[in-house]
Amino acid sequence: MPEDSGPRDSRAETGPDGLSGGSFPWAEEAAELLRVIRGSRRLVFFGGAGVSTASGIPDFRSAAGLYAEDFHGLPPEVILSRDFLFLQPETFFRFYRERMLYPDAKPNAAHRYLYRLEKRDVLRGIVTQNVDGLHRAAGNIRVYELHGSVRENHCMECNASWPMEKILFSEGIPRCECGGVVRPDVVLYGEPLEKYVCIGARREITNADTLIVAGTSLAAEPAASFLNDFRGKKLIVINREETPADGRANLVIREDVAEVFSRCSG
């Protein structure tokens, strides 16, 4: 069942174009977005950290993002690495609890809209760079989590599975019942992406007739290169800042993706 995501959007009534909230500056682009979605048979969504900022989770590279401030003099990119986990696990888990875990975060309008599209069998897959697990919490099943999920963890000795709460409520280094270290199932710097997740994600992008890229600067590789597999007719970019994909996109909307999808009912 989808996770309770709080109160729903209560804007003005939906207009004949399928948009809610009355007039707004980018209504024409939003109407075109809905026309493309309604005409799609194999829609795929490729998203990044900007999808979850409306849920209270900071992105990575903005002025207020995760990478904007060092942690006790150490860059987050250094801490979130496989080597650092092994060499300084106490600092790794202190940073991880303080900066990576948001147990109270709920799916926002973007997650909820994508869930509705999947229920209608319009959306064939979500390829996400996020590790917050909110797409699955919203109810989506066809999700490819390229960088893993903070909601899944395992013992490095016996491979036993543990929920997020195991790390969240542990002190120091979280330990399994066998004594092994419990680590998150997230891809750290120095680790490869999971092979079969990548195969599935690239297959969906290759077979899509419409690809929506949202909430990402497309700065993270190799995930960003997956867009090169797209051979469909419609590429849509929804992002506050410019991206490398803008030049080949059929439609670019310079807005927050949660705000855009909150206007859509079609």
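Residues numbered from 1 in each chain as written. Predicted model: local features only at pLDDT ≥ 70, side-chain atom pairs only at ≥ 80, totals over all residues. Heavy atoms only, no water.

Q: Describe the sheet that holds strand 7 (residues 210–214), and please don't skip the residues or the numbers.
A: Pairing in this open sheet of six strands is parallel, and the strands run 3-2-1-7-8-9 from one edge to the other. Taken across any chain shown, the strands that pair with only one partner, and hence form the sheet edges, are strand 3 (143–145) and strand 9 (251–253). With direction set aside, neighbouring strand axes in the sheet form an average angle of 15°. Against the sheet, helix 5 (residues 109–119) engages strand 1 (43–47) and strand 2 (123–128), with an angle of about 145° to strand 2. Contacts between helix 8 (residues 195–207) and the sheet are confined to strand 1, strand 2, strand 3 and strand 7, with strand 3 contributing the most and set at about 130° to the helix. (Pairing = 2+ DSSP bridges. Helix = DSSP H or I, 4+ residues; strand = E, 2+ residues; numbered from the N terminus. Axes fitted to C-alpha atoms, helices over the stretch in contact; angles between N-to-C directions. Contact = heavy atoms within 4.5 Å.)

Q: Can you break down helix 1 (residues 27–38) residue by residue, with the values?
A: Between its first and last C-alpha atoms helix 1 spans 16 Å; for 12 residues at 1.5 Å apiece the expected length is 16 Å, and the two agree. Close packing links the buried residues of helix 1 with strand 1, helix 5, strand 7, strand 8 (234–238), strand 9 and helix 9 (257–262). (Expected span 1.5 Å × (residues − 1).)

Q: Outline the sheet that holds strand 5 (residues 161–162), supporting the account with residue identities and numerical values.
A: Taken in spatial order, the three strands of this open sheet run 5-4-6, and their pairing is antiparallel. Here the strands that pair on one side only, and so sit at the sheet edges, are strand 5 and strand 6 (182–186). One ladder, built from two bridges, connects strand 4 (residues 148–155) with strand 5; its direction is antiparallel. Each residue of the ladder has a partner; that of Asn 153, found in strand 5, is Trp 162.

Q: How would you sum up the environment of Gly 200? Please name residues and give values.
A: By the element assignment, Gly 200 lies in helix 8. Classification of Gly 200 by relative accessible area gives buried; the value is 3%. Residues Gly 200 and Glu 29 lie 171 residues apart in sequence; the distance between their C-alpha atoms is 30 Å. (Buried < 20%, exposed > 50% of the residue type's maximum accessible area, 1.4 Å probe, protein only.)

Q: Which residues make up the side chain of Thr 243, and what values do they have?
A: Following the sequence through the fold, Thr 243 ends up in the loop between strand 8 and strand 9. Taking relative accessible area as the criterion, Thr 243 reaches 9% and is therefore assigned buried. Of note is the side chain of Thr 243, whose polar atom sits 2.7 Å from the side chain of Asp 246. Sequence-distant contacts of Thr 243, defined by excluding residues within four places in its chain, comprise Thr 216, Ser 217, Leu 218 and Val 237. (Polar contact = N/O pair within 3.5 Å; in protein donor to acceptor, adjacent residues only side chain to side chain.)

Q: Can you lay out the pairing of strand 6 for me, pointing to particular residues and giving the numbers?
A: When you tally the buried positions in strand 6, you get four out of five residues, the bulk of the element. Of the strand pairs in this sheet, strand 4 and strand 6 are connected by five bridges, and their pairing is antiparallel. The partner of Cys 155 across the bridge, within strand 6, is Val 182.

Q: How would you sum up the pattern of salt bridges? Please name residues and give values.
A: On inspection of all chains with the given rule, the structure shows nine salt bridges. Residue Arg 82 is joined to Glu 191 by a salt bridge in which the shortest nitrogen-to-oxygen separation is 3.2 Å. Taken together, the positions of Arg 82 in helix 3 (residues 82–87) and Glu 191 in the loop between strand 6 and helix 8 put the pair 109 residues apart, joining distant regions of the chain. When its relative accessible area of 18% is taken as the criterion, Glu 191 is described as buried. Its salt-bridge partner being Arg 136, residue Glu 145 comes within 3.4 Å of it at the nearest N-O pair. The class for Arg 136 is partly exposed, based on a relative accessible area of 37%. Salt bridges linked by common partners bring Arg 82, Arg 183 and Glu 191 together as one network. (Salt bridge = Lys/Arg side-chain N within 4 Å of Asp/Glu carboxyl O.)

Q: Residue-level account of the nonpolar core, with values.
A: Counting 29 residues, the largest nonpolar core has Leu 33, Ile 37, Phe 45, Ile 212, Ile 238, Val 257 and Phe 261 as its most contacted members. For this core, the elements supplying multiple residues, two or more each, are helix 1, strand 1, helix 5, strand 2, strand 7, strand 8, strand 9 and helix 9. For this core, the leading source of residues is helix 1, giving five residues. Setting aside residues no more than four positions away along its own chain, Phe 45 makes contact with Val 51, Leu 114, Leu 123, Gly 125, Ile 126, Val 127, His 135, Ile 212, Ala 214, Val 257 and Phe 261. Among the nonpolar cores identified, the runner-up in size contains 25 residues, and Leu 66, Phe 92, Met 100 and Ile 173 belong to it. (Core = buried A, V, L, I, M, F, W, Y, C linked by side-chain atoms within 4.5 Å.)

All quantities given are derived from atomic positions and should not be read as evidence of function.
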